[in-house]
Amino acid sequence: MERKIAKALLTWKNNPKKQPLLLQGARQVGKTFTLLSFGKEHYKNVVYFSLEESTDIRAVFDRDLNPERIIKELSAKSGKSIMPGDTLLIFDEIQACEQALAALKYFSEKAPQYDIIAAGSLLGVAVKRTNFSFPVGKVDMLHLFPMDFEEFLWALGQEKLCELIREAYESFTPLSLHDTAMDFYKTYLVVGGMPRAVSEYADKQDFDFVIAVQRTLNASYIADMAKYATPVETTRNMAVWDSIPAQLAKENHKFQYKVIKSGARSKDYEAAMDWLTAAGMINKCVNITEGKLPLKAYEQPDLFKVYMVDTGLLCSKLDIAANVVLHTPHSFDGFKGALAENYIMQTLVVNGIKPYYWSSPGKAEVDFVFQDRQSNIIPLEAKSADNVRSKSLRSFRDIYNPVYSVRVSAKNFGFENEIKSIPLYALGCLKV
């Protein structure tokens, strides 16, 4: 399956001043497959080691961190020559070996001729927990997320539809295949962007197989909690993780500790929130009190919303039947908005956008607010259907007079009253 990050990997390969690359991302987002595919396409040889699975390989780094010695021993272990420029050396799950992570600094300083990529799914958790010697300034870094909607369409052979969506976005004219694109968007909500789930759907077009994969992925996330946290931490991590669907089911999606359990306090669960964030399992959207530059200056860290890293995993945790999302009976309208918000948050993060949400002392609230590259403050309102009237967006515009506003909904492309109407399926085209 084609991933957009492949272009960034090729840019890294062709950079004469490149350093070892550290690829981060949550479990099962496709890091290993992506790196192996990239290596086989662009190098004569690929030498791959999983540091989580092999104690022998971890032992190579115990003696010292001399790059040339390490290369010789790894070459002997793999039975392959590791040649500068011709060989891609991959260290998978590098968080399982503190010394291997530290060694990247010495490869950067003393042996930059070797092309090395290290991948870590729980690196943020491991570094915080064991005080790893992180090679600050000595590695290049990329982040891999679940497949976005466009990558999902590619996997289904819908490249032409992707082109038409982008053309419609660039010209901001209605898409003739709007209903078709909306149907694919709803399917994406159910399947999500975890590569194994997408592959199952692409191969079988059967949601039962997708659900089986998603349940396995959720179980693996829970297993990681037990592996990389103390028993007390694991219990609290699971409690926060399991509460997210209920948090989003509320009319106000603001995270409330009392939803976890009666009497729950922030001081007991803040560490769990940090753990899930570091593991890449959740995305936090923090409240701001003003729509002014810089947005970070107006953060209220204690007020935030929490979204799951993938809409498919969210649907799985909710045990929602696919036909409910695809055909949206009236009884499901309430949670449909939460799914749309989760999708929008997921898409903004993938696009490198840091979103906040704004609320006024009254009842006005704008779902997402962000800064663009020209330092404009842009409000973005999420609508799961085509009913797009909103007093909150009007309030924000009256107070802060943004250069333009964005409304993401089930409506086709349009622009009126300085509001850009973007269909849900085209949000990935938004770049700032």
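Relevant structure appears above.
Quantities reported herein were computed from a predicted structural model and do not represent experimental measurements.

## Thoughts on the packing of aromatic side chains
Here is step 1 of the chain: For the structure on display, the rule yields 21 aromatic pairs.
Here is step 2 of the chain: With centroids separated by 4.9 Å and ring planes inclined at 75°, the aromatic side chains of Tyr185 and Tyr343 adopt a geometry described as edge-to-face. On the criterion of sequence distance, the pair formed by Tyr185 in helix H9 (residues 178-191) and Tyr343 in helix H16 (residues 333-350) is long-range, its members being 158 residues apart.
Here is step 3 of the chain: Within the aromatic cluster, the residues linked to one another by ring pairs are Phe149, Phe152, Tyr185, Tyr188, Tyr201, Phe207 and Tyr343.
Here is step 4 of the chain: Between the NZ or CZ atom of Lys204 and the centre of the ring of Phe209, over which it lies, the distance is 5.0 Å.
Here is step 5 of the chain: The aromatic ring of Tyr356 is capped on one face by Lys354, whose charged end is 5.5 Å from the ring centroid.

## A look at the side chain of Glu93
Here is step 1 of the chain: The topology assignment puts Glu93 in the loop between strand S3 (87-92) and helix H5 (98-110).
Here is step 2 of the chain: Since its relative accessible area comes to 9%, Glu93 is described here as buried.
Here is step 3 of the chain: Contact partners of Glu93, with chain neighbours within four places excluded, come to Arg27, Leu51, Glu52, Ala119, Gly120 and Ser121.

## Some details on the pattern of salt bridges
Here is step 1 of the chain: Scanning the model with the defined rule gives 23 salt bridges in all.
Here is step 2 of the chain: When the shortest N-O distance is used, the salt bridge between Glu52 and Arg27 registers 3.0 Å. One end of the pair, Glu52, is in the loop between strand S2 (45-50) and helix H3 (55-60); the other, Arg27, is in the loop between strand S1 (21-24) and helix H2 (31-42), with 25 residues separating them in the sequence.
Here is step 3 of the chain: Across the salt bridge formed by Arg69 and Asp64, the nearest N and O atoms sit 2.8 Å from each other.
Here is step 4 of the chain: Residue Arg69 is classed as buried on the basis of its relative accessible area of 12%.

## Brief notes about the sheet that holds S1
Here is step 1 of the chain: Taken in spatial order, the five strands line up as S2-S3-S4-S1-S5 in an open sheet, and their pairing is parallel. Each edge of the sheet is formed by a strand with only one pairing partner; in this case those strands are S2 and strand S5 (140-143). Here the average twist between neighbouring strands, direction ignored, is 20°.
Here is step 2 of the chain: Where S3 lies against strand S4 (residues 115-120), four bridges are found, and the strand directions are parallel. Within S4, the residue paired with Ile90 across the bridge is Ile117.
Here is step 3 of the chain: Sheet strands touched by helix H4 (residues 67-78): S2 and S3. Its angle to S2, the strand with the most contacts, is close to 95°.

## Observations concerning the sheet that holds strand S9 (residues 365-371)
Here is step 1 of the chain: Here we have eight strands laid out as an open sheet, ordered S7-S6-S8-S9-S10-S11-S13-S12, and mixed in their pairing. Each of the sheet's edge strands pairs with one partner strand only, and the pair in question is strand S7 (299-308) and strand S12 (414-416). Across the sheet, the mean angle separating the axes of adjacent strands is 30° when strand polarity is ignored.
Here is step 2 of the chain: With four bridges joining them, S9 and strand S10 (residues 377-382) adopt antiparallel strand pairing. When the sheet's bridge partners are listed, Phe368 is paired in S10 with Leu380.
Here is step 3 of the chain: In the packing of helix H13 (residues 266-278) onto the sheet, contacts are made with strand S6 (282-288) and S7, and the angle to S6 comes to roughly 120°.
Here is step 4 of the chain: Helix-sheet contacts for helix H17 (residues 391-400) involve strand S8 (356-359), S9, S10, strand S11 (405-409) and strand S13 (419-423), and the interaxial angle to S9 is about 45°.

## Description of the state of the cysteines
Here is step 1 of the chain: Under the criterion given, the structure shown has zero disulfides.
Here is step 2 of the chain: A disulfide-free cysteine, Cys285 has its sulfur positioned 20 Å from the sulfur of Cys315, the nearest such atom.
Here is step 3 of the chain: Note on Cys429: no disulfide assigned, nearest cysteine sulfur contributed by Cys162 at a separation of 8.7 Å.
Here is step 4 of the chain: On the basis of relative accessibility, which here comes to 8%, the residue Cys429 falls in the buried class.

## Quick notes on the side chain of Asp115
Here is step 1 of the chain: You can see Asp115 is positioned in strand S4.
Here is step 2 of the chain: Judged by its relative accessible area of 4%, Asp115 falls in the buried class.
Here is step 3 of the chain: At a separation of 3.5 Å, a polar atom in the side chain of Asp115 contacts the side chain of Lys18.
Here is step 4 of the chain: When near neighbours in sequence (up to four residues on either side) are disregarded, Asp115 contacts Trp12, Lys13, Lys18, Tyr43, Thr87, Leu88 and Leu89.

## A short note on the packing of helix H11 (residues 207-227) against helix H14 (residues 311-318)
Here is step 1 of the chain: Two numbers describe how H11 lies on H14: the axes approach to 9 Å, and their chain directions differ by 95°. Relative to H14, the element H11 is oriented roughly perpendicular. Across from Gln214, Arg215, Leu217, Asn218 and Tyr221 in H11, the residues of H14 making contact are Gly312, Leu313, Ser316 and Lys317.
Here is step 2 of the chain: Among the residues forming the contact of H11 with H14, the class breakdown is three nonpolar, four polar and two charged.

## Some remarks on unusual backbone geometry
Here is step 1 of the chain: Residues Leu293 and Pro294 are joined by a peptide bond in cis, for which omega reads -15°.
Here is step 2 of the chain: Looking at where Pro294 falls in the secondary structure, it is placed in the loop between S6 and S7.
Here is step 3 of the chain: Unusually for a residue other than glycine, Ser375 sits at a positive phi of about 65°.
Here is step 4 of the chain: Mapped onto the secondary structure, Ser375 falls in the loop between S9 and S10.
Here is step 5 of the chain: Its identity is not glycine, yet Asn401 carries a phi of approximately 50°, on the positive side.
Here is step 6 of the chain: Turning to its location among the elements, Asn401 is positioned in the loop between H17 and S11.
Here is step 7 of the chain: The exposure class of Asn401 is exposed, given its relative accessible area of 61%.

Definitions and limits used
- Throughout, residues of each chain are indexed from 1 in the direction in which the sequence is written.
- For this predicted model, a pLDDT threshold of at least 70 governs which residues receive local features, and a threshold of 80 or more governs which side-chain atom pairs are given and counted, while totals over whole chains, interfaces and linings are taken from all residues.
- To obtain the side-chain values, all non-hydrogen atoms of the structure were used and water was disregarded.
- Any Phe, Tyr or Trp ring, taking Trp's six-membered ring, that has another such ring centre within 6.5 Å forms a pair; planes under 30 degrees apart are called stacked, those over 60 apart edge-to-face, and the others tilted.
- A helix here means a DSSP run of H or I that spans at least four residues, while a strand means a run of E at least two residues long, and both kinds are numbered starting from the N terminus.
- Charge-over-ring placement is defined geometrically: NZ (Lys) or CZ (Arg) within 6 Å of the ring centre, and within 35 degrees of the ring normal.
- Partly exposed describes any residue whose relative accessible area lies between the buried limit of under 20% and the exposed limit of over 50%, with all areas from a 1.4 Å probe on protein chains only and scaled to the type maximum.
- By definition, residues are in contact when any of their heavy atoms lie within 4.5 Å.
- Any carboxyl oxygen of Asp or Glu that lies within 4 Å of a side-chain nitrogen of Lys or Arg is treated as forming a salt bridge with it.
- Two strands qualify as a pair provided DSSP detects at least 2 bridges between them.
- Throughout, an axis means a line fitted to C-alpha atoms (over the contacting stretch in the case of helices), and angles, computed between N-to-C directions, take values from 0 to 180 degrees.
- For this text, the term disulfide refers to a pair of cysteine sulfurs within 2.5 Å.
- Under this definition, polar contacts are N or O atom pairs within 3.5 Å; protein pairs additionally need one hydrogen-donor-capable and one acceptor-capable atom, and for neighbouring residues in sequence, both atoms have to be side-chain atoms.
- Relative orientations are named as follows: roughly parallel for angles under 35 degrees, roughly antiparallel for angles over 145 degrees, roughly perpendicular for angles from 65 to 115 degrees, and oblique for any other angle.
- Under this grouping Gly is polar, as are all residues other than the nonpolar Ala, Val, Leu, Ile, Met, Phe, Trp, Tyr, Cys and Pro and the charged Asp, Glu, Lys and Arg.

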